[in-house]
Amino acid sequence: MQQESDLIMSLPLIMALIVAIAMAIYLFKFVATSGTVVSEGLRGVVYKDGKFDREVGPGRHWISPRSTLRTVNVNETAITVSSQEVLSQDRLALRMSAVAIVRVTDARKALETSSEGYYTAIYRTLQLALRDIAAAATLEELLDQRGKLDEQLSALAKAGCEQQGCDLIRADVRDLMMPAEIRRIATDAARAKLEAAASLERARGEQAALRALNNAARLLKGNPELMNLRVLQALSGANGKSAPTLVLSGGAGILPVQATPAEDATSEES
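Residues numbered from 1 in each chain as written. Predicted model: local features only at pLDDT ≥ 70, side-chain atom pairs only at ≥ 80, totals over all residues. Heavy atoms only, no water.

Trainee: Explain the overall build of the protein chain to me, please; I cannot follow it from the model alone.
Mentor: Check the secondary structure of the protein chain and you find 8 helices and 8 strands. When the 270 residues of the protein chain are sorted by exposure, 21% land in the buried category. Relative to all contacts within the protein chain whose residues are 6 or more apart in sequence, the contacts with residues 24 or more apart total 64%. Taken as a whole, the protein chain presents about 19000 Å² of accessible surface, with 57% of it coming from carbon and sulfur. (Helix = DSSP H or I, 4+ residues; strand = E, 2+ residues; numbered from the N terminus. Buried < 20%, exposed > 50% of the residue type's maximum accessible area, 1.4 Å probe, protein only. Contact = heavy atoms within 4.5 Å. Areas by Shrake-Rupley, 256 points an atom, 1.4 Å probe, with all protein chains shown as cover.)

Trainee: How should I be thinking about a nonpolar patch on the surface in this particular structure?
Mentor: Together, Leu219, Leu220, Leu226 and Leu229 make up an exposed nonpolar region whose accessible area comes to about 330 Å². For leucine 220, the location among the structural elements is in helix H6 (residues 180-222). Looking at leucine 220, the relative accessible area reads 33%, which means it is partly exposed. (Patch = residues over 30% accessible without salt bridge, like charges linked within 9 Å, V, L, I, M, F, W, Y side chains within 5 Å. Salt bridge = Lys/Arg side-chain N within 4 Å of Asp/Glu carboxyl O.)

Trainee: What exactly am I supposed to notice about the pattern of salt bridges here?
Mentor: Any two side chains of opposite charge can pair, on the condition that their charged atoms come close. If you walk through the whole model with that rule in mind, you get 11 salt bridges. Put simply, arginine 54 and aspartate 53 hold a salt bridge, and the shortest N to O gap is 2.9 Å. In this structure aspartate 53 comes out as partly exposed when scored by relative accessible area, which is 34%. One salt-bridge network, held together by shared partners, links Glu76, Arg103 and Asp167.

Trainee: Explain the packing of aromatic side chains to me, please; I cannot follow it from the model alone.
Mentor: Each aromatic ring pair is described using two quantities: the centre-to-centre distance and the angle formed by the ring planes. Taken as a whole and assessed by the stated rule, the structure comprises 1 aromatic pair. Centre to centre, the rings of tyrosine 47 and phenylalanine 52 are 6.3 Å apart; their planes meet at 75°, and the pair counts as edge-to-face. Overall, tyrosine 47 belongs to the buried group, its relative accessible area being 9%. When its relative accessible area of 31% is taken as the criterion, phenylalanine 52 is described as partly exposed. Over the ring of phenylalanine 52 we find arginine 108; its NZ or CZ atom is 4.0 Å from the centre of that ring. (Phe/Tyr/Trp six-rings, centres within 6.5 Å; stacked < 30°, edge-to-face > 60°. Lys NZ or Arg CZ within 6 Å of the ring centre and 35° of its normal.)

Trainee: I would appreciate a short explanation of the state of the cysteines in the present structure.
Mentor: Two cysteines, two sulfur atoms, one covalent bond between them: this is a disulfide. Within this structure, the stated rule accounts for 0 disulfides. Cysteine 161 takes part in no disulfide bond, and the closest cysteine sulfur to it belongs to cysteine 166, at a distance of 6.5 Å. Assessed through its relative accessible area of 1%, cysteine 161 is described here as buried. On the basis of relative accessible area, cysteine 166 is assigned to the buried category, the value being 3%. (Disulfide = S-S within 2.5 Å.)

Trainee: I would appreciate a short explanation of helix H3 (residues 118-135) in the present structure.
Mentor: Because each turn of an α-helix spans 3.6 residues, side chains separated by three or four positions end up pointing in the same direction. Helix length check: H3 (18 residues) gives 26 Å between terminal C-alpha atoms against 26 Å at 1.5 Å per residue, within 8%. Considered for burial, the residues of H3 that qualify are Tyr118, Ala121, Ile122, Leu126, Ala129, Leu130, Ile133 and Ala134. (Expected span 1.5 Å × (residues − 1).)

Trainee: Sorry if this is basic, but what is going on with the sheet that holds strand E8 (residues 166-177) here?
Mentor: Pairing within the open sheet is antiparallel, and its 3 strands lie in the order E6-E7-E8. Only two strands of the sheet have a single partner each, and these edge strands are strand E6 (77-87) and E8. The average angle at which neighbouring strand axes cross in this sheet is 20°, direction not considered. As judged from the 10 bridges shared by strand E7 (residues 93-104) and E8, these two strands associate in the antiparallel manner. Considered in E8, the bridge of methionine 96 is made with leucine 176. Lying on the sheet, H3 is in contact with E6, E7 and E8; it crosses E6 at an angle near 35°. Against the sheet, helix H5 (residues 149-163) makes contact with E7 and E8, and its axis sits at roughly 140° relative to E8, the strand it touches most. (Pairing = 2+ DSSP bridges. Axes fitted to C-alpha atoms, helices over the stretch in contact; angles between N-to-C directions.)

Trainee: Any chance you could explain the sheet that holds strand E3 (residues 51-56) here in plain terms?
Mentor: Pairing within the open sheet is antiparallel, and its 3 strands lie in the order E3-E2-E5. Strand pairing shows two members of the sheet lacking a second neighbour, E3 and strand E5 (67-73), which therefore form its edges. Averaged over all neighbouring strand pairs, the angle between strand axes comes to 25°, with direction disregarded. Two elements, strand E2 (residues 42-48) and E5, share 7 bridges in a ladder whose sense is antiparallel. Across the sheet, tyrosine 47 pairs through a bridge with threonine 68, a residue of E5.

Here is the structure:
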């Protein structure tokens, strides 16, 4: 009877011990599940009851059941804008694509500014920037200023990236493609310009040659001894070459040089 009474008296203690063990297990699970780890390269934003609470960096953080944690990648991210059709100032269609390197500097702004997310918002900003660049210049200007398009794209997209809590590291126009018909027209125009320049250069060369021949003819007409010198020059072979053979028919020889009046008087006195 004494043992039974002791057992009955110890039952509340046993129940209390079981309850204490259960509560300890529950607290352990609560503590274990409430600890959230944020990895390197990420930033966490804690919201309590749906309102912004704080930002947290890499490491383990204890989050209450009333709070939620959202993370965002703060490493450099490449945003590639696929090829899209745009119109130039002279209403010619072409296709442009771009790539931008961005990095999140404000995690809260990157999560809250746009409902679609900062990636989609910046993608749309780059698309509009490409259209503005194409609409501000003719097709020929776009092709001539290809190296300056990157600077224009960066200037137009920088403000949009800052609104999304991101820093624009660089932005480049990757491709500038023309349709086959426009490319053929541009090729024909460039070929026509080159052919016109070549024809003009040939005409200038012929004009210069004719002018030189005209000057030579005038010199030979008034100075027949120059013809003799030219013949002698032709008869003398160049370095490493044999002298040419000159055949004179009909008694023709070296052209006679008429004496001047002074020379005639001297010969008569002698």
